[in-house]
Amino acid sequence: MKHLILAKFHTGVTDKAALLEPIRELFSAADQIPGVHGVNVYPCCVERDNRYDVMISLDMDREALPLYDASEMHRAWKREYGDLLEKKAIFDFEM
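How each quantity is defined
- Here, residues in each chain are numbered from 1, in the same order as that chain's written sequence.
- Given that the model is predicted, a residue must reach a pLDDT of at least 70 before its local features are reported, and side-chain atom pairs must reach 80 or more before they are shown or counted; all residues, however, enter totals for whole chains, interfaces and linings.
- Each side-chain value is worked out from all heavy atoms of the structure, with water and hydrogens disregarded.
- Only protein chains enter the accessibility calculation, which uses a 1.4 Å probe. A residue is then buried if its area is under 20% of the maximum for its type, exposed if over 50%, and partly exposed in between.
- Counting from the N terminus, the helices are DSSP H or I runs at least four residues long and the strands are E runs at least two residues long.
- Paired strands are those between which DSSP finds at least two bridges.
- Within this document, salt bridges are pairs made up of a side-chain nitrogen of Lys or Arg and a carboxyl oxygen of Asp or Glu, the two lying within 4 Å of each other.
- Note: the arc covers the axis-to-C-beta directions of the helix.
- Definition of nonpolar core: a set of buried residues of the types Ala, Val, Leu, Ile, Met, Phe, Trp, Tyr and Cys, connected through side-chain atoms within 4.5 Å.
- The contact criterion used throughout is that any non-hydrogen atoms of two residues lie within 4.5 Å.

1. Digging into the pairing of strand β3 (residues 54-60)
Extensive coverage of β3 is indicated by the burial of 5 of its 7 residues. Sheet topology note: the strand β1 (residues 2-9)/β3 ladder contains 6 bridges and is antiparallel. Bridging from a neighbouring strand, Lys2 pairs with Asp59 of β3. Summarising the sheet, strand β2 (residues 36-43) and β3 pair through 7 bridges and their orientation is antiparallel. Within β3, the residue paired with Gly38 across the bridge is Asp59.

Next up, the structure:
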C-alpha cells in the first residue's frame, strides 16, 4: 500500500526548501521498519496559498502501518516538525 502524508507549513516558515533535505534524511530510516519498502519526499512545484508544501510517500505492507506508527522515526517527525505544520492530511491506498 501507499501511505501518503501531505503537509502544509505555517506561514511563518519562510524557507520551506531548507526543510526538504532534513525531512528526506529523517524518512531515509523508513526502510529499517519491517514491511516498509521505500519512501519519497516531493516538494510542491506551485506556490499558492491553497497548496500543501510537501508530500511524503511511503511504500509499505498494510501490516507495517502499526510498526511505522510506533517507530522512533515517526515520533521524531511529529516532535521535530509538528509545530511547523498548519495542517496535514494522511491518505492510504492500494494499487
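2. Points about the environment of Val46
Position of Val46 among the secondary structure elements: in the loop between β2 and β3. On the accessibility criterion, Val46 (34% relative accessible area) is partly exposed.

3. Observations concerning the pattern of salt bridges
Enumeration over the complete set of coordinates arrives at 6 salt bridges. For Lys16, the salt bridge identified is with Glu47, shortest N-O distance 3.5 Å. One end of the pair, Lys16, is in the loop between β1 and α1 (17-27); the other, Glu47, is in the loop between β2 and β3, with 31 residues separating them in the sequence. On the basis of relative accessibility, which here comes to 66%, the residue Glu47 falls in the exposed class. For the salt bridge of Glu21 with Arg24, the shortest nitrogen-to-oxygen distance reads 4.0 Å.

4. Describing helix α3 (residues 72-81)
Taken together, the buried positions of α3 are occupied by Met73, His74, Ala76, Trp77 and Tyr81. Here the buried residues of α3 occupy an arc of 160° about the axis, which is enough to place them on one side.

5. A few points about the nonpolar core
In summary, soluble globular proteins display a tendency toward joint burial of nonpolar side chains. The biggest cluster of nonpolar side chains holds 25 residues, and the ones touching the most others in it are Ile23, Phe27, Ile56, Leu58, Tyr68 and Trp77. Mapped by element, the contributors of at least two residues to this core are β1, α1, β2, β3 and α3. With 5 residues, α1 is the single largest residue contributor to this core. Apart from the residues lying within four places of it in its own chain, the contact partners of Tyr68 are His3, Ile5, Phe27, Ile33, Leu58, Met60, Met73 and His74.

From the geometry alone we can't say anything about function, so treat these as descriptive.
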